[in-house]
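Read off the chains here:
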Amino acid sequence: MNWYEKLSKYFPIEEMKSKEHMELLLKEKADIYHKDEGPNHVMMYVETDDFIFVDYLFVSKEARGQGLGKKLLNQLKEKQKPIILEVEPVDYEDSDTKKRQRFYSREGFTHAQSVGYRRRSLATNEVNELEILYWSPHNDSEQSIYEKVKHTYETIHTYKDKQLYGESYEDVDQVVTYNAKEAEATDQPTV
């Protein structure tokens, strides 16, 4: 099974980029878009000068619970940049969502309470709401995380979307939102 098949069997269709989209990013954005692949994992991520965005992290069922996911995240943490990812909210009927959230919590990731993310899937036409989780070595503010999520959406998620999918994703300001009052309520400093 190739890397794209592994990802598409694990992630819901509404969260998946097309294979063409990812291959184009790996080719045309090779300076920032990367694939880390092994027999039991696939990790697609963006690395800029000041943050890392984990686009997809897959660990095979056979390798789960053996520390591989932790090892992959630790390799990214060693770069001493904030790490951001989008995760499905906990669905109590889907134990995987709970396990995933617990895993990221154990790894020191925080839910960005003030950052909202709601995108209409071009594959299903349904609105998909995700939670933004982040790990920060330097206590980055949620406003800073918000700016980084917007940057990722504009440079990676919507890259050549019209060409690839026949239509464009929604504008970044409709998808990624920031609630300053929520940031204050969670005692996050704003920059």
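Since this is a predicted model, take the numbers as computed values, not measurements.

K.L.:
Could you clarify how one ought to interpret the environment of Thr124 in this entry?
P.N.:
Along the chain, Thr124 falls in the loop between strand 6 (115–120) and strand 7 (127–129). Taking the relative accessible area as the measure of exposure, Thr124 reaches 28% and is therefore partly exposed. Put simply, Thr124 and Glu167 are 43 residues apart on the chain and 13 Å apart in space, counted from C-alpha to C-alpha. Setting aside anything within four residues of it in sequence, one finds Thr124 in contact with Ile13 and Glu14.

K.L.:
How should I be thinking about the nonpolar core in this particular structure?
P.N.:
A general feature of soluble globular proteins is that nonpolar side chains tend to end up buried together. Among the nonpolar cores identified, the biggest contains 35 residues, and Leu7, Met22 and Val176 are the most heavily contacted of them. Looking at this core, the elements with two or more residues in it are helix 1 (3–10), helix 2 (19–28), strand 2 (41–47), strand 3 (52–59), strand 6, strand 8 (131–135), helix 5 (142–157) and helix 7 (172–175). In terms of residue count, the dominant contributor to this core is helix 5 (five residues). Those residues in contact with Val176, other than ones at most four positions away along the chain, are Val115, Gly116, Tyr117, Tyr146, Val149, Lys150 and Tyr153.

K.L.:
Is there a simple way to think about the sheet that holds strand 9 (residues 176–178) in this case?
P.N.:
For sheets, the rule is that strands pair by backbone hydrogen bonds, running either parallel or antiparallel. What the three strands build is an open sheet, ordered 7-6-9; its pairing is antiparallel. Both edges of this open sheet fall to strand 7 and strand 9, since each of them pairs with a single strand only. Going across the sheet, the axis of each strand differs from the next one's by a mean of 25 degrees, ignoring polarity. When strand 6 meets strand 7, the two strands line up antiparallel, connected through three bridges.

Conventions we followed
- Along each chain, the written sequence defines residue order, and numbers are assigned to residues from 1.
- Totals for whole chains, interfaces and linings use all residues, but because this is a predicted model, local features are given only for residues with pLDDT of at least 70 and pairs of side-chain atoms are given and counted only at 80 or more.
- Each side-chain value is worked out from all heavy atoms of the structure, with water and hydrogens disregarded.
- Segments assigned H or I by DSSP are reported as helices when at least four residues long, segments assigned E as strands when at least two residues long, and all are numbered from the N terminus.
- Each residue gets one of three labels from its accessible area relative to the maximum for its type: buried under 20%, exposed over 50%, partly exposed in between, using a 1.4 Å probe on protein chains only.
- Between two residues, a contact is recorded if the distance between any of their heavy atoms is within 4.5 Å.
- Nine residue types can take part in a nonpolar core, namely buried Ala, Val, Leu, Ile, Met, Phe, Trp, Tyr and Cys, and a core is a set of them joined through side-chain atoms within 4.5 Å.
- Any two strands between which DSSP finds at least two bridges are classified as paired.
- Axes here refer to lines fitted to C-alpha atoms; in helices the fit is confined to the stretch in contact. Angles between the N-to-C directions go from 0 to 180 degrees.

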